[in-house]
Structure formats: structure tokens, C-alpha cells
Amino acid sequence: MFGSLFGSSLKTTMVTPERALSGRADALYSVPETHTVLGTPLAGPWPEGTRVLYLGLGCFWGAEKEFWQLPGVVTTAVGYQGGFTQNPTYEEVCTAMTGHTETVLVAYDPAVVSDTEILRMFWESHDPTQGFRQGNDVGTQYRSAVYWTTPEQEVAARTTLDVFQQNLTARGFGQITTDLRPAEAAGPFYYAEGYHQQYLDKNPGGYCPVHSTGVACQPADA
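Residue positions within a chain follow its written sequence, with the count starting from 1. Side-chain atom pairs in this predicted model are given and counted only at pLDDT of 80 or more, local residue features only at pLDDT of at least 70, and totals for whole chains, interfaces and linings cover all residues. In computing side-chain values, all of the structure's heavy atoms are included and hydrogens and water are not.

## Remarks on the overall build of the protein
- A run of DSSP states H or I qualifies as a helix once it reaches four residues; a run of E qualifies as a strand once it reaches two. Both are numbered from the N-terminal end. Looking only at helices and strands, the protein has seven helices and eight strands in total.
- For this measure, only C-alpha atoms enter the radius of gyration; the expected value for a globule follows 2.2 Å times N^0.38, where N is the number of residues. Taking 2.2 N^0.38 as the reference for a compact globule, 222 residues should give roughly 17 Å; the C-alpha atoms of the protein span a radius of gyration of 16 Å, in line with that estimate.
- If you line up the protein on its principal axes, its C-alpha atoms span 50 × 40 × 35 Å.
- The buried label goes to any residue with under 20% of its type's maximum accessible area, the exposed label to any with over 50%, and the partly exposed label to all in between, with areas taken from a 1.4 Å probe on protein chains only. Burial statistics for the protein: of 222 residues in total, 51% are counted as buried.

Listed below in C-alpha cells is the structure:
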């Protein structure tokens, strides 16, 4: 992706609000209305009871694909969250001057797939100990993040983190650096440009592997 190709964008220091790009009041691009795989609305409306969780786990192309394959997921979309710049573009996010991380919106039916199952997929699909990077992708936009929208999601996030940390430590990994916050505190989720949405469906041979540690997010005695 852009950030792994251009040295000037390989920034590993979080920008401050004062130094961040100001952005703009309105987006510079339109976003597709429909998920190319699931056929559901990218921005709603969704069925009553649908929950939304925002997850950062490196390059959002491969990350999104992991979640749209889960039974019970209503829709997925990729975007930018956790930063300061209004309506940023991909190129701006790649400069590390917006503070955002690449984020996957996961809307799901909790009667079919639980908060815990979503979060297990999250932890097991990347290495949350790497700070501002995932594999060869280096920069603040690749940081691990969980931005929840319900108290139940927060409980599941913290519980699964504790389990995963124990299992990672047992395998010689370091401390989890995931940014844990309510979505409200993380700020708006800005949908990414249309070509990023369901990128690996449109480009099956496209680059963007997940960076799994191979460690399971299950209690050791499970």
C-alpha cells in the first residue's frame, strides 16, 4: 500500500491536534451505496438490533475481507478513524498528518455472531504488539485499534485482550499496544474512497495479507 512504498510517509510518531491537517467540511469523493459481496448498504439503514464495531488491524483491504466472510455480519466498510483531520483523503492519511488509523466498520447481528467472536477474529488476524506497524506496513495509520459502540463490546474487548495477552506472552510476544476507546471518543468514522471498499473482491490478487501471530484467542484451558 501507499505507506509501504514511499519513505516520506513512514511516520511512527503520532501527530498532535495542533499539527494535524485541518481537512475540510465535506468529503471530496462519493462512497458506493452497496457492499459488492454482501449486497447490503455500506452506510445503513441496517436491520434493527444491528451492532457496529470499528476495528484497526493494519492494511484495511485484507482486514475487511476477514470480516465480510463471517456468518452474521451485515456489512463491512473501510475508512479512517481515531484522528483529527476532517474528511481526510487516503493520501493525507498516509502522510501521518491526520492521526487516523485504517479502520474496518463491522456491522453485525449479535444473535448470530457474538461480540466475543468478532473480537477473537480481530485479535487472531493481526499482531497487536507491533505499535505503529503491521509487517512491512509502517506508520501510525497501521496501528491496532478497537472502537466500541456498546458497553457489551467494551467488556468483550477487554476480556478477550486479557486472554490474548496471556497466550501471546506464553509464546514470547510483547505487550499489546491496541488503541482501546469508545467510538465516540475516537471521533467520526470517515468512509474511504470507493476503490478501497471491498478492494480484494474487486482485485482478488491484490496485495494486503493479514499478519496473524498464529496464537489463538482462547483461554488456555478451553
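## Notes on the pairing of strand S6 (residues 144-148)
- Burial analysis of S6 places five of its five residues in the buried class, the great majority of the element.
- Going residue by residue along S6, you find Ser-144, Val-146 and Trp-148 tucked away on one face and Ala-145 and Tyr-147 tucked away on the opposite face as well.
- Where strand S1 (residues 51-57) and S6 come together, four bridges link them in antiparallel fashion. Across the sheet, Leu-57 pairs through a bridge with Ser-144, a residue of S6.
- A pair of strands is labelled paired if DSSP reports no fewer than 2 bridges between them. Pairing between S6 and strand S7 (residues 179-182): four bridges, direction parallel. The residue of S7 that forms the bridge with Trp-148 is Pro-182.
- A crossover counts as right-handed when, viewed with the strands pointing away from the observer, the path leading from the first strand over the helix to the second turns clockwise. Note that the unit made of S6, helix H5 (residues 151-170) and S7 has a crossover that is right-handed.

## Details of helix H2 (residues 60-68)
- Burial within H2 is extensive, with seven of its nine residues counted as buried.
- Taken residue by residue, H2 has Phe-60, Trp-61, Gly-62, Ala-63, Glu-64, Phe-67 and Trp-68 as its buried positions.
- Residue contacts follow a heavy-atom distance rule, with two residues in contact if any of their heavy atoms lie within 4.5 Å. Buried residues belonging to H2 abut S1, strand S2 (73-81), strand S3 (101-108), helix H4 (115-124) and helix H7 (199-202).

## With respect to the UniProt feature "active site" (unreviewed entry) in the protein
- UniProt positions are given in the numbering used here, feature names are shortened, and annotations may be inferred rather than shown by experiment. The sites that UniProt annotates as "active site" (unreviewed entry) are Cys-59.
- By the element assignment, Cys-59 lies in the loop between S1 and H2.

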